[in-house]
Amino acid sequence: MIIKLDPGLTKTSEYIVKNEDSAKFLGSGDVNVLSTPAMIAMMENTARLLVEDKLPADYTTVGTKVDISHLAPAPVGAKIKIIAELIKQENRKLLFKVEAYWKDKKIGEGLHERYIVNKQKFLNKVIDKIQ
């Protein structure tokens, strides 16, 4: 099945930085600020949500690559805004520009790649490798 999405689609999501998002909690640092892994997860989730309702019910996307710069810290309790924009599609491969903001300050930016997959076929491949 060929699924065509239009570049230029955008989605904005807001997240509150929780203690479990902190670098200290995740072990990626020793301070209670938004960790890079948590920021990346927020970016990936926003990109996923951007295209989720444009796919048939038996399809989803899976993340395959991130190239992210974490530009500035944000404290636990901060409201973070994530913007994802679909900038390119090559068959099943989707490329997103992602940005993170705390107040008016850009705290992260980069590119994220996802692939469109049939959920059951994807899970069957995983199960086949386990057995």
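Residues numbered from 1 in each chain as written. Predicted model: local features only at pLDDT ≥ 70, side-chain atom pairs only at ≥ 80, totals over all residues. Heavy atoms only, no water.

Colleague: Help me get a handle on the overall build of the protein, residues and values and all.
Modeller: A count of helices and strands for the protein gives three helices and five strands. From first element to last, N terminus to C terminus, the protein shows the α and β order β-α-α-β-β-β-β-α. Overall size of the protein, expressed as C-alpha extent along the three principal axes, is 45 × 40 × 20 Å. Counting every position in the protein, which comprises 131 residues, the buried fraction comes to 36%. (Helix = DSSP H or I, 4+ residues; strand = E, 2+ residues; numbered from the N terminus. Buried < 20%, exposed > 50% of the residue type's maximum accessible area, 1.4 Å probe, protein only.)

Colleague: An account of the layout of surface pockets is needed here, citing residue identities and associated values.
Modeller: In this structure, the largest pocket spans a volume of roughly 310 Å³. Lining the largest pocket are 13 residues, with Tyr-59, Arg-92, Ile-116, Val-117 and Asn-118 positioned closest to its centre. At the level of elements, strand S5 (105-118) and helix H3 (119-130) are the ones that each hand at least two residues to the lining of the largest pocket. Among the elements that make up the lining of the largest pocket, the one with the highest residue count is S5 (four residues). Among the residues forming the lining of the largest pocket, the class breakdown is eight nonpolar, two polar and three charged. (1 Å grid on protein atoms, 1.4 Å probe; cavity = no way out; pocket = protein on both sides within 12 Å on 5 of 7 lines; lining within 4 Å. Points joined across faces, edges and corners; volume = space filled by probe spheres on them. Nonpolar A, V, L, I, M, F, W, Y, C, P; charged D, E, K, R; others polar.)

Colleague: I'd like a rundown of the nonpolar core, residues and numbers included.
Modeller: Formed by 29 residues in total, the largest nonpolar core has its most connected members in Leu-5, Leu-34, Ile-80 and Phe-96. The contact partners of Phe-96, leaving out residues within four places of it in the chain, are Ala-47, Leu-50, Val-51, Glu-85, Leu-86, Ile-87, Gly-110, Leu-111, His-112 and Arg-114. (Core = buried A, V, L, I, M, F, W, Y, C linked by side-chain atoms within 4.5 Å. Contact = heavy atoms within 4.5 Å.)

Colleague: Go over unusual backbone geometry with me, naming the residues and quoting the values.
Modeller: For Asn-91, which is not a glycine, the phi torsion comes out positive at approximately 55 degrees. One non-glycine residue with positive phi stands out, namely Lys-103, at about 55 degrees. Among the secondary structure elements, Lys-103 is positioned in the loop between strand S4 (93-102) and S5.

Colleague: Break down the sheet that holds strand S1 (residues 10-16) for me, with residues and values.
Modeller: If you walk across this open sheet you meet the five strands as S1-S3-S4-S5-S2, and the pairing is antiparallel. Because the sheet does not close on itself, it has two edges, and the strands there are S1 and strand S2 (59-70). Each strand axis lies, on average, 25 degrees off the axis of its neighbour in the sheet, ignoring direction. Bridge analysis of strand S3 (residues 79-90) against S4 gives 10 bridges, and the strand direction is antiparallel. The partner of Ile-80 across the bridge, within S4, is Trp-102. Sitting on the sheet, helix H2 (residues 36-52) touches S1, S2, S3, S4 and S5, and the angle it makes with S2 is about 140 degrees. (Pairing = 2+ DSSP bridges. Axes fitted to C-alpha atoms, helices over the stretch in contact; angles between N-to-C directions.)

Colleague: Explain the side chain of Glu-113 to me, and be specific about the residues and the numbers.
Modeller: Mapped onto the elements of the fold, Glu-113 is located in strand S5. A polar atom in the side chain of Glu-113 sits 2.8 Å from the side chain of Thr-64. (Polar contact = N/O pair within 3.5 Å; in protein donor to acceptor, adjacent residues only side chain to side chain.)

Colleague: Any details on the environment of Ile-107? Residues and values, ideally.
Modeller: Take Ile-107: it is sitting in strand S5. Measuring from C-alpha to C-alpha, the distance between Ile-107 and His-70 comes to 6.1 Å, with 37 residues separating the pair along the chain. The contacts of Ile-107, once residues within four sequence positions are left out, are Leu-34, Met-39, Ser-69, His-70, Leu-71, Ala-72, Pro-73, Ala-74, Ile-80, Ala-100, Tyr-101 and Trp-102.

Colleague: Please set out the pairing of S5 residue by residue, giving values where relevant.
Modeller: Each regular strand displays side chains that alternate between the two surfaces of the sheet. Taken together, the 11 bridges between S2 and S5 define a ladder with antiparallel strand orientation. Across the sheet, Ile-68 pairs through a bridge with Gly-110, a residue of S5. As paired strands, S4 and S5 are joined by 10 bridges and run antiparallel to one another. Considered in S5, the bridge of Lys-97 is made with Leu-111.

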